[in-house]
Amino acid sequence: MKNMKLTDHRSGSLRRVGALLVAAIALGLAWAAPPASAAEPSLGDESQACQKCHDKPDITMKTQDGKTWPLTVSTDAYLKSRHGTTDCADCHEDIGDDKHATEKPAVKSRRDYALKLNDGCISCHKKHVTQFQDSVHAAMLKEGSDKAPLCSDCHAVHTLLNVKFHKPVAETPCLKCHEDIGKAYVKDVHGLERVAKGKPAPICADCHQAHAIKAASFGTALKDNCLACHKEAVAQHKDWLPNTGRHFEAIACVVCHAPNAERRVNLRLFSQKGQKQLIEQAGVPRFEQLVKAADQQDQGLDERALWSLLQEFNRGSGLGDVVLRGRLEVASGVQAHQLAEKSKAISDCDTCHRRDAQAFQSVVVSIAGPDGRTLRHGVDKDVLRSAVATASVRGFYAIGANRIQLLDWLLVAAVLGSIGGVLAHMTVKWATRRIRAKVAAEQHGGPTH
Ligand code: HEC
Ligand code: HEC
Ligand code: HEC
Ligand code: HEC
Ligand code: HEC
Ligand code: HEC
Ligand code: HEC
Ligand code: HEC
Ligand code: HEC
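The next thing to look at is the overall build of the protein. Scanning the protein for helices and strands turns up 23 helices and seven strands. Looking at the protein as a whole, 33% of its 449 residues qualify as buried. Of the roughly 28,500 Å² that the protein leaves accessible, carbon and sulfur atoms contribute 57%.

Turning next to the pairing of strand 6 (residues 363-368). Burial analysis of strand 6 places six of its six residues in the buried class, which makes it a mostly covered element. Here strand 6 shows two buried faces, one formed by Val363, Val365 and Ile367 and the other by Val364, Ser366 and Ala368. Here four bridges tie strand 3 (residues 263-271) to strand 6, and the two strands are oriented parallel to one another. In the sheet register, asparagine 266 faces strand 6, and the bridge partner there is valine 364.

Its location among the elements puts serine 366 in strand 6. Setting aside anything within four residues of it in sequence, one finds serine 366 in contact with Asn266, Leu267, Arg268, Leu269, Phe287, Thr374, Leu375 and Arg376.

Once that is clear, we can look at the nonpolar core. Among the nonpolar cores identified, the biggest contains 34 residues, and Leu269 and Leu306 are the most heavily contacted of them. For this core, the secondary structure elements donating two or more residues are helix 17 (253-257), strand 3, helix 18 (286-294), helix 19 (303-317), strand 5 (322-330), strand 6 and helix 20 (382-385). Take this core: its biggest share by element is five residues, from helix 19.

Attention now moves to the coordination of the iron atom of ligand 6. Protein ligation of the iron atom of ligand 6 involves His208 (NE2) and His337 (NE2), the donor distances falling in the range 2.0 Å. Overall, histidine 208 belongs to the partly exposed group, its relative accessible area being 24%. You can call histidine 337 buried: its relative accessible area is 18%.

All of the protein donors around the iron atom of ligand 3 are His155 (NE2) and His211 (NE2); their distances to the metal are 2.0 Å. Coordination geometry of the iron atom of ligand 3: the six donor atoms subtend angles of 87 to 179 degrees at the metal centre, consistent with an arrangement described as octahedral. Separated by 56 residues along the polypeptide, histidine 155 in the loop between helix 10 (151-154) and helix 11 (179-186) and histidine 211 in the loop between helix 13 (204-208) and helix 14 (221-229) bring together distant segments of the chain. On the basis of relative accessibility, which here comes to 31%, the residue histidine 155 falls in the partly exposed class.

Right, let's talk about the site of ligand 7 for a bit. The local shell around ligand 7 holds 17 residues, among which Gln236, His237, Cys253, Cys256 and His257 are the closest. For ligand 7, a nitrogen atom lies 2.7 Å from a polar atom in the side chain of histidine 237. Between ligand 7 and histidine 257 there is a distance of 2.7 Å, counted from a nitrogen atom to a side-chain nitrogen or oxygen. Going through the elements one at a time, helix 14, helix 15 (233-238) and helix 17 are the ones with two or more residues in the shell around ligand 7. Of the residues assigned to the shell around ligand 7, the class counts are ten nonpolar, five polar and two charged.

Our next topic: the packing of aromatic side chains. Considering all chains together, one arrives at one aromatic pair under this definition. Above the ring of phenylalanine 313, the side-chain terminus of arginine 286 is found at 4.5 Å from the ring centroid. Cation over ring: arginine 325 sits above phenylalanine 270, and NZ or CZ is 4.2 Å from the ring centre.

This part is about the site of ligand 8. Around ligand 8 sit 15 residues, and of these His190, Cys226, Cys229, His230 and Lys342 come closest. Contacts to ligand 8 include histidine 230, whose side-chain N or O atom sits 2.8 Å from a nitrogen atom. Looking at the shell around ligand 8, the elements with two or more residues in it are helix 12 (189-195), helix 14 and helix 17. A class-by-class count of the residues in the shell around ligand 8 yields eight nonpolar, four polar and three charged.

Once that is clear, we can look at empty space enclosed by the protein. Across all of its chains, the model carries two cavities of 30 Å³ or more by this definition. Volume-wise, the second largest cavity comes out at about 30 Å³. What lines the second largest cavity is simply Glu46, Ser47, Cys50, Cys88, Ala89, Ile95 and Gly96. Those elements that provide at least two residues to the lining of the second largest cavity are helix 3 (45-54) and helix 5 (88-91). The leading source of residues in the lining of the second largest cavity is helix 3, at three residues. Residue composition of the lining of the second largest cavity, by class: four nonpolar, two polar and one charged.

Residues Asp45, Glu46, Asp87, Asp90, Glu93 and Asp94 make up a contiguous surface patch of negative charge. Mapped onto the secondary structure, aspartate 90 falls in helix 5. Under the relative-accessibility criterion, aspartate 90 is labelled partly exposed at 44%.

Cut-offs applied
Residues numbered from 1 in each chain as written. Chains lettered and ligands numbered in written order. Predicted model: local features only at pLDDT ≥ 70, side-chain atom pairs only at ≥ 80, totals over all residues. Heavy atoms only, no water. Helix = DSSP H or I, 4+ residues; strand = E, 2+ residues; numbered from the N terminus. Buried < 20%, exposed > 50% of the residue type's maximum accessible area, 1.4 Å probe, protein only. Areas by Shrake-Rupley, 256 points an atom, 1.4 Å probe, with all protein chains shown as cover. Pairing = 2+ DSSP bridges. Contact = heavy atoms within 4.5 Å. Core = buried A, V, L, I, M, F, W, Y, C linked by side-chain atoms within 4.5 Å. Donors = N, O, S within 2.8 Å, 3.2 Å for Na, K, Ca; no water. Tetrahedral: all angles 85-135°; square planar, octahedral: opposite > 155°, others 65-115°. Near = heavy atom within 4 Å. Polar contact = N/O pair within 3.5 Å; in protein donor to acceptor, adjacent residues only side chain to side chain. Nonpolar A, V, L, I, M, F, W, Y, C, P; charged D, E, K, R; others polar. Phe/Tyr/Trp six-rings, centres within 6.5 Å; stacked < 30°, edge-to-face > 60°. Lys NZ or Arg CZ within 6 Å of the ring centre and 35° of its normal. 1 Å grid on protein atoms, 1.4 Å probe; cavity = no way out; pocket = protein on both sides within 12 Å on 5 of 7 lines; lining within 4 Å. Points joined across faces, edges and corners; volume = space filled by probe spheres on them. Patch = residues over 30% accessible without salt bridge, like charges linked within 9 Å, V, L, I, M, F, W, Y side chains within 5 Å. Salt bridge = Lys/Arg side-chain N within 4 Å of Asp/Glu carboxyl O. Lys, Arg positive; Asp, Glu negative; His and termini not counted. Charge placed at Lys NZ, Arg CZ, Asp CG, Glu CD.

Now the structure itself:
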């Protein structure tokens, strides 16, 4: 804008101001400029040779997938970047000279080329590569995904500035691929705090990490992260929410803090002794096969099918300690990023502790896939209700969350005959004889809660 006015010939006074400004800027520059003797940043000889061709604006090539790949690398931007002191050949090891310009090496696609260079970052950034290798994205790459990000999808290697400068939300690399989540995030408490108020509320990588990103609903890392920033949160909830620990375990924070989100019950296959979610082995899709076979019409697993599924995994684990552990969560990744201010959070016990509460109208059973991402299948919501003793928590039934509930469930399954036949009944009785004896003893001894 200013420049346009300065060249406006109708305005003499503006021009004089402009001339003054120019003089002032020139003076400022003279002050700021380093003494002429200081070494200007410059490229090494080999890299300079590359730039004879690659600093040109119109250099491109056709990759085998038919796309045109722009091959320009601006020397100016490169020298200003954090890699400005790095030689081209440090990363492009296979390209020593300009022969590749005429010998036309075949390149399948830009992605394929970048993939080949991805591991090379390790020679200078071991820590970040190691962290990345432990991520859900890297696991997807191993499985052959062509959508998971490479280092260079998140970092523009030839022009990257210090990551600390990359703070505007729109420049977060995650948005390229998780666009819907980004849109939700900018409107939620953290996004607004950051975007509208310019305050340092968490952005994607602060909650998920930048490199060792794990699947979102796996483990407790994300929740622990919330609590690491909101140190007072546990105490504040304790003021009004009885048994806060239990609630925090069985309910994802967003279930109450994204008040308009759809909720659902996720029955997670859990190893009780290991205190861990079960993980499906790569290349052995048992979960999918079993649920598909049990639910050919795709109407949701009924009680009986769920029971068999549990047994299958118990047999498979060899430990017999697999249970289903209920967790309330929101129905989509977008909704997980719609946190509202605290006055809108759900505090009404009735929202959940009543029959037919919305949260219990949708039920899934799940296992962690080989890369940690959740594999789910629909479950008939009546399985939550069919259990007799939902005593303290009407409407919600965290199967296997403790031994009494597991027992109830097993007994109900058996008594209703839904697992079919006397034999199964006997098996269940035998398998649970010790727990039942214990429970009976406890019940004689008074209330268990
Ligand atoms: C004489 C000009 C010239 C020089 C010098 C040159 N390149 Fe190239 N470069 C090209 C052309 C032309 C292509 C496109 C080749 C094609 O169409 O197949 C290319 C392609 C590339 C590609 C795309 C991938 C590939 O393998 O084709 C990369 C990366 C590359 N050059 C890097 C470099 C580096 C690094 C140097 C210096 C070590 C360098 N170039 C030197 C002209 C040059
Ligand atoms: C830190 C490692 C690194 C350095 C240093 C580096 N490159 Fe690259 N370069 C890459 C990666 C990774 C890609 C693939 C990026 C992509 O396209 O997704 C790439 C791609 C290219 C391409 C293809 C066009 C593009 O941008 O995708 C050219 C041409 C190229 N580099 C030339 C150069 C030249 C010339 C230099 C030195 C002036 C240089 N590179 C320095 C890592 C590097
Ligand atoms: C999914 C996106 C993503 C991928 C993939 C990714 N990074 Fe990063 N990286 C980031 C973000 C975001 C930051 C900034 C982190 C922050 O602000 O804490 C970052 C920061 C960095 C930094 C600077 C760290 C620091 O603490 O100063 C380095 C170096 C780096 N990444 C290297 C790599 C390498 C090497 C790879 C490939 C193994 C890689 N990154 C893959 C998103 C990514
Ligand atoms: C030959 C060594 C070398 C290689 C290989 C290399 N880098 Fe770097 N990288 C550097 C140097 C030097 C810096 C400057 C900052 C520093 O000292 O860490 C840097 C900085 C970075 C930063 C910014 C860190 C910050 O502090 O803001 C990122 C991101 C990054 N590199 C990504 C990559 C990626 C992605 C690759 C692989 C495609 C790669 N680098 C390969 C040497 C290298
Ligand atoms: C180049 C594309 C790309 C970029 C960039 C990218 N991701 Fe991803 N990410 C994916 C894909 C594809 C998946 C698997 C499909 C899905 O879950 O959306 C995925 C999965 C995930 C998951 C696991 C989802 C689950 O089901 O539990 C998380 C968490 C995640 N990304 C976070 C991030 C964060 C944080 C960033 C930025 C630091 C980022 N991603 C950048 C492509 C990308
Ligand atoms: C305040 C912390 C926080 C921030 C900031 C955040 N997330 Fe999340 N993210 C979460 C939580 C919590 C979940 C859901 C975990 C669960 O299922 O309980 C989640 C879930 C996800 C998922 C999995 C979605 C699915 O389909 O299950 C992806 C992908 C993801 N986030 C990416 C991002 C991206 C990209 C950004 C930045 C725009 C971002 N997140 C910002 C906390 C955060
Ligand atoms: C059963 C619903 C529920 C669950 C689950 C829940 N919250 Fe809350 N939370 C609330 C309500 C309601 C308030 C507002 C209380 C008030 O205004 O005093 C609140 C307040 C907060 C506040 C603001 C505290 C303050 O006074 O400044 C934070 C931060 C918070 N919660 C974080 C979390 C985190 C982190 C989790 C998960 C570990 C979580 N909440 C789980 C309902 C819940
Ligand atoms: C990196 C630190 C950080 C992390 C991680 C984080 N928050 Fe926050 N959170 C903030 C900041 C900063 C604010 C805005 C200032 C404030 O109200 O405390 C905020 C605000 C909130 C509020 C609004 C409080 C109010 O007063 O209205 C809620 C609710 C909340 N966060 C919940 C969560 C949940 C749930 C998670 C995990 C999924 C989480 N936060 C992760 C830093 C964090
Ligand atoms: C967002 C849904 C939700 C809200 C809101 C909620 N609860 Fe809960 N509550 C649950 C779930 C789920 C469980 C855990 C069930 C389990 O693991 O067996 C639970 C467990 C409990 C328990 C422990 C029962 C036991 O077996 O130890 C009590 C007591 C309880 N809630 C009371 C309350 C009260 C009082 C309020 C209101 C101040 C409230 N809850 C708000 C969902 C909710």
